[in-house]
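Spelled out from the first residue to the last, the chains are:
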Amino acid sequence: MFRIQPLVSVLLCCFTFWFHISFGYLITCSGIVPMRYRNDKVSITDFGAVGDGKTLNTKAFREAIYRIQHLRRRGGTLLYVPPGVYLTESFNLTSHMTLYLARGAVIKATQDTWTWPLVAPLPSYGRGRERPGGRYMSFIHGDGLRDVVITGENGTIDGQGGIWWNMWRQGNLQFTRPNLVEFMNSRGIIISNVIFKNSPFWNIHPVYCSNVVIRYVTILAPTDSPNTDGIDPDSSSNVCIEDSFISTGDDLVAVKSGWDEYGIAYGRPSSHITIRRVTGSSPFAGIAVGSETSGGVEHVLAENIVIYNSGIGVNIKTNIGRGGFIKNITVSQVFMENVRTGIKIAGDTGDHPDNRFNPNALPYVKGVTLKNIWGVKVQKAGSIQGLKNAPFTNICLSKINLHGMTGPRSPPWKCSDVSGAAIEVSPSPCAQLSSPQQSGSCANHF
Ligand SMILES: *[C@@H]1O[C@H](CO)[C@@H](O)[C@H](O)[C@H]1NC(C)=O
Ligand SMILES: *[C@@H]1O[C@H](CO)[C@@H](O)[C@H](O)[C@H]1NC(C)=O
């Protein structure tokens, strides 16, 4: 175990070096949302906020944002949060604003969960994700906004989620736990240079949004914190996530688009999602699509990803009743170390909102390319298990090398109801992917 450590460092170093030279220059998210300079600036302390970690600053945040919304300065307004710990209840952002957290600034969620406001369930989920009915509003919330930036000098947004995780563990949650940051029906959003900590539920949730950039963020929650997904682009398009570190208790990035009959009826896909230079560790998946994909997911590109001490490296998951589609997914340049399962594509994952889901609504999975994936200490290479009446097609595995725990090889792949091709895959892939006439599956999907 100790002997392998230097080897891994050398491999990681060479791998990083290799992808830098193979691209030559760094591709970035810039261009998706123009960066705004705000002439008008206000400080949260102008509204009476006290950063002592004890004073409840809800009124200050709500008044500051009310002022930004109603004074409507040309070019928008920057709301400055100076160093200090600002305890507050949840609040709504408004359009044309920047929430700027100075170095050492912490915006901390109240522990008084009984004061937490409720909002309507998302139409594409039909109910709260974990409890029927409404759901607690996200700690920082935005609905119907445009041109919003959350940035600064790596200040912290702290959800103090422990109290919520315990309610979940004890089974006495009345409604679905709050996300840390959620934007709904919004466009032109930038989240950068902020640390997100201890979210009650999912960390960053853009839903029904377009043109969203998330970069240089750090997202942290304990490994045993339930459902603390890092970033979940949901029924959203043109979302770009890059240069971030995520270590949480659930999937690091999971692309979604609604749940069973509600997601099918709402019919809003996630498309053009880019994830690059993301590093982290999760007891579940590093890069995930699903399992809620009822509005469809297409054109996802994840590249230059490092996943360590995790459950699954790359996980595409759906279920009967989901309907929708998963197509044109490309994951490339992945390094993984100490992962239980390298790659998993499955048609039997996740629960249902209620028993009104349609068992004949089968997901359509076509065109998944996984290439240039290198793993060490991978217990199981992977499995690709489609559905009998909806086999997964055009699955391409190319240049994949997953080393086992002890020797050079992990146990073999498991496949069913799948077709596609495999080129230079070790351990050798299952027969379903090995037929030479399928090699067209390895044409680039993105
Ligand atoms: C915040 O937004 C939610 C959802 O859009 C809304 O229900 C709530 O009334 C808003 N709260 C405030 C204080 O404006
Ligand atoms: C903030 O964190 C990011 C990502 O870790 C890092 O690249 C950046 O240099 C940091 N910025 C400051 C001002 O410390």
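Residues numbered from 1 in each chain as written. Chains lettered and ligands numbered in written order. Predicted model: local features only at pLDDT ≥ 70, side-chain atom pairs only at ≥ 80, totals over all residues. Heavy atoms only, no water.

Under an unreviewed UniProt entry, the chain has the name Pectin lyase-like superfamily protein and belongs to Gossypium gossypioides. A UniProt comment under Sequence similarities (unreviewed entry) is attached to the chain, and it reads "Belongs to the glycosyl hydrolase 28 family." (UniProt positions renumbered as here; feature names shortened; annotations may be inferred.)

One open sheet holds the four strands; their spatial order is E5-E10-E13-E16, and the pairing between them is parallel. One side of each edge strand has no neighbouring strand; the edge strands of this open sheet are strand E5 (91–92) and strand E16 (204–207). Note that strand E10 (residues 140–143) and strand E13 (residues 181–184) share four bridges and pair parallel. Within the sheet, the bridge partner assigned to His-141 lies in E13 and is Glu-182. (Pairing = 2+ DSSP bridges. Helix = DSSP H or I, 4+ residues; strand = E, 2+ residues; numbered from the N terminus.)

With that out of the way, let us pick up the pattern of salt bridges. Counted under the stated rule, the structure contains 20 salt bridges. For Arg-129, the salt bridge is made with Asp-351, and the minimal N-O distance between the two is 2.9 Å. With Arg-129 in the loop between strand E8 (118–119) and strand E9 (135–136) and Asp-351 in the loop between strand E24 (325–346) and strand E25 (364–385), the pair connects residues that are 222 residues apart, well separated along the chain. Residues Glu-292 and Lys-256 are paired through a salt bridge, measuring 2.6 Å at the closest nitrogen-oxygen approach. You can see Glu-292 sitting in the loop between strand E22 (285–289) and strand E23 (297–317) and its partner Lys-256 sitting in the loop between strand E20 (253–255) and helix H4 (260–266), a full 36 residues away along the chain. Like Lys-256, Glu-292 is buried. (Salt bridge = Lys/Arg side-chain N within 4 Å of Asp/Glu carboxyl O. Buried < 20%, exposed > 50% of the residue type's maximum accessible area, 1.4 Å probe, protein only.)

This part is about the pairing of strand E15 (residues 194–197). The side chains of a regular strand alternate between the sheet's two faces. Of the two faces of E15, the one lined by Val-194 and Phe-196 is fully buried and the one lined by Ile-195 and Lys-197 carries no buried residue. The pairing of strand E12 (residues 155–158) with E15 spans four bridges and is classified as parallel. Bridging across to E15, Asp-158 finds its partner in Lys-197. Sheet topology note: the E15/strand E18 (residues 218–220) ladder contains three bridges and is parallel.

Turning next to helix H3 (residues 162–170). An α-helix turns once per 3.6 residues; consequently, residues spaced three or four apart project the same way. Every buried residue of H3 is listed here: Trp-164, Trp-165 and Met-167. In a view along the axis of H3, the buried residues occupy a sector of 160°, so they form one face of it. Residues of H3 that are buried in the fold lie against E9. Where H3 ends, the next residue or the one after it, Gly-171, has phi of about 70°, a positive value. (Arc of directions from axis to C-beta. Contact = heavy atoms within 4.5 Å.)

Turning our attention to the site of ligand 2. Taken together, the neighbourhood of ligand 2 is formed by Arg-103, Asn-154, Asn-193 and Tyr-216. Note that an oxygen atom of ligand 2 is positioned 2.5 Å from one of the side-chain N or O atoms of Arg-103. For ligand 2, whose free accessible area comes to 360 Å², the fraction covered by protein is 48%. Residue classes in the shell around ligand 2 are distributed as one nonpolar, two polar and one charged. (Near = heavy atom within 4 Å. Polar contact = N/O pair within 3.5 Å; in protein donor to acceptor, adjacent residues only side chain to side chain. Areas by Shrake-Rupley, 256 points an atom, 1.4 Å probe, with all protein chains shown as cover. Nonpolar A, V, L, I, M, F, W, Y, C, P; charged D, E, K, R; others polar.)

Judged by side-chain charge, Arg-340, Lys-344, Lys-380 and Lys-414 come together as a positively charged surface patch. For Lys-380, the position within the fold is in strand E25. (Patch = residues over 30% accessible without salt bridge, like charges linked within 9 Å, V, L, I, M, F, W, Y side chains within 5 Å. Lys, Arg positive; Asp, Glu negative; His and termini not counted. Charge placed at Lys NZ, Arg CZ, Asp CG, Glu CD.)

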